[in-house]
Amino acid sequence: MSQTANKFEKEITKRVRMKYLLHLPDQHEKESSNKWPLILFLHGAGERGDDLELVKAHGIPMIAERDPSFPFITISPQCPEDSFWNAEQDGLMALVDEIIANYNVDPDRIYLTGLSMGGYGTWHLAAEYPGRFAAIAPICGGGNPNRVHELVGTPIWAFHGAKDDIVSISESEKMVDALRENGGNVSFTIYPETNHNSWTETYDNPELYSWFLGHSLMVRK
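Calculation criteria
- Residues numbered from 1 in each chain as written.
- Predicted model: local features only at pLDDT ≥ 70, side-chain atom pairs only at ≥ 80, totals over all residues.
- Heavy atoms only, no water.
- Pairing = 2+ DSSP bridges.
- Helix = DSSP H or I, 4+ residues; strand = E, 2+ residues; numbered from the N terminus.
- Axes fitted to C-alpha atoms, helices over the stretch in contact; angles between N-to-C directions.
- Contact = heavy atoms within 4.5 Å.
- Buried < 20%, exposed > 50% of the residue type's maximum accessible area, 1.4 Å probe, protein only.
- Phe/Tyr/Trp six-rings, centres within 6.5 Å; stacked < 30°, edge-to-face > 60°.

Visitor: Can you tell me about the sheet that holds strand E2 (residues 36-42), naming the residues and giving the values?
Guide: Ordered in space as E1-E3-E2-E4-E5-E6-E7, the 7 strands form an open sheet in which the pairing is mixed. The sheet is open, and its two borders are formed by strand E1 (20-23) and strand E7 (186-191), each paired with just one other strand. Within the sheet, the average angular offset between the axes of one strand and its neighbour, ignoring direction, is 15 degrees. Pairing of strand E6 (residues 156-161) with E7, which is carried by 6 bridges, proceeds in the parallel orientation. Bridging across to E7, Phe-159 finds its partner in Thr-189. Its contacts with the sheet put helix H1 (residues 59-66) on E1, E2, strand E3 (73-77) and strand E4 (105-115), and the angle it makes with E2 is roughly 130 degrees. Lying on the sheet, helix H6 (residues 206-213) is in contact with E2, E4, strand E5 (135-139) and E6; it crosses E5 at an angle near 150 degrees.

Encoded structure:
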């Protein structure tokens with residue numbers, strides 16, 4: 001016989017490195033006992049690189065930049081130029097843990113959202129870490145419908161423009177349909193006249209943040 005059955009096991013250490021923007025609400029006090037909700041925001045492909053100013057172009061970091069009182073701690077990491085969010089998942093979760101350890105974060109109210117490439121990253125990260133996020137809001141993204149069993153327990157609000165010619169609305173539809181077939185807690189907003197930019201209207205809507213705050217892991221425990 002030229003082949004024998006074997007088994008390999010080894011513990012390894014991985015170094016991760018990531019630039020990010022951190023927003024602390026005006027009222028945040030590091031020594032206070034008040035715990036704040038946290039939003040992890042994943043940008044689109046156009047904001048990759050090593051210039052953090054690019055990350056402020058859209059979504060949560062743009063809102064936090066213009067409104068110092070935005071009532072969430074927010075983390076807006078930057079994906080390297082030659083990478084995608086799926087490849088950065090270890091760094092993303094290590095960053096979340098770092099912020100929890102050093103700031104007044106409520107671990108039961110951690111929310112995840114992203115647009116386009118970040119929408120794909122949102123679907124993926126939530127499936128990789130089921131039960132870690134209190135709610136997620138993927139925008140004009142998509143994922144693997146064969147993994148929706150990992151997402152059934154997570155409240156999800158998905159968004160997409162019906163006329164999107166960059167990421168087809170079918171990418172969101174297949175995820176939403178699979179979740180509904182499996183009893184998932186999912187809402188889906190379609191903007192009938194919107195192309196790829198379905199994020200501006202979404203992030204400008206106060207209802208999104210009220211919806212986030214309506215969900216807590218404590219309720220599901």
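Now, onward.
Visitor: So what's going on with H1? Which residues, and what values?
Guide: Of the residues making up H1, those classed as buried are Gly-59, Ile-60, Pro-61, Ile-63 and Ala-64. Packed against the buried residues of H1 are E1, E2, E3, E4, helix H5 (199-203) and H6.

Visitor: Can you break down the packing of aromatic side chains residue by residue, with the values?
Guide: What the rule picks out here adds up to 10 aromatic pairs. When the centroid spacing of 5.9 Å and the interplanar angle of 75 degrees are considered together, the rings of Phe-41 and Tyr-203 count as edge-to-face. Here Phe-41, found in strand E2, pairs with Tyr-203, found in helix H5; they are 162 residues apart in sequence, far enough to count as distant. With respect to class, Phe-41 is no different from Tyr-203; both count as buried. When the ring of Trp-211 is compared with that of Phe-212, the centres are 5.5 Å apart and the planes differ by 45 degrees; the resulting orientation is tilted. Residue class for Phe-212 comes out buried when judged on its relative accessible area of 0%. One aromatic cluster in this structure is built from Phe-70, Phe-72, Tyr-111, Trp-157, Phe-159, Tyr-191, Tyr-209, Trp-211 and Phe-212.

Visitor: Give a description of unusual backbone geometry that names residues and reports values.
Guide: Positive phi outside glycine occurs at Ser-116, with the angle close to 55 degrees. Within the secondary structure, Ser-116 sits in the loop between E4 and helix H3 (117-128). Given the relative accessible area of 12%, Ser-116 is considered buried. Even without a glycine there, the phi angle at Cys-140 is positive, about 40 degrees. On the secondary structure map, Cys-140 appears in the loop between E5 and E6.

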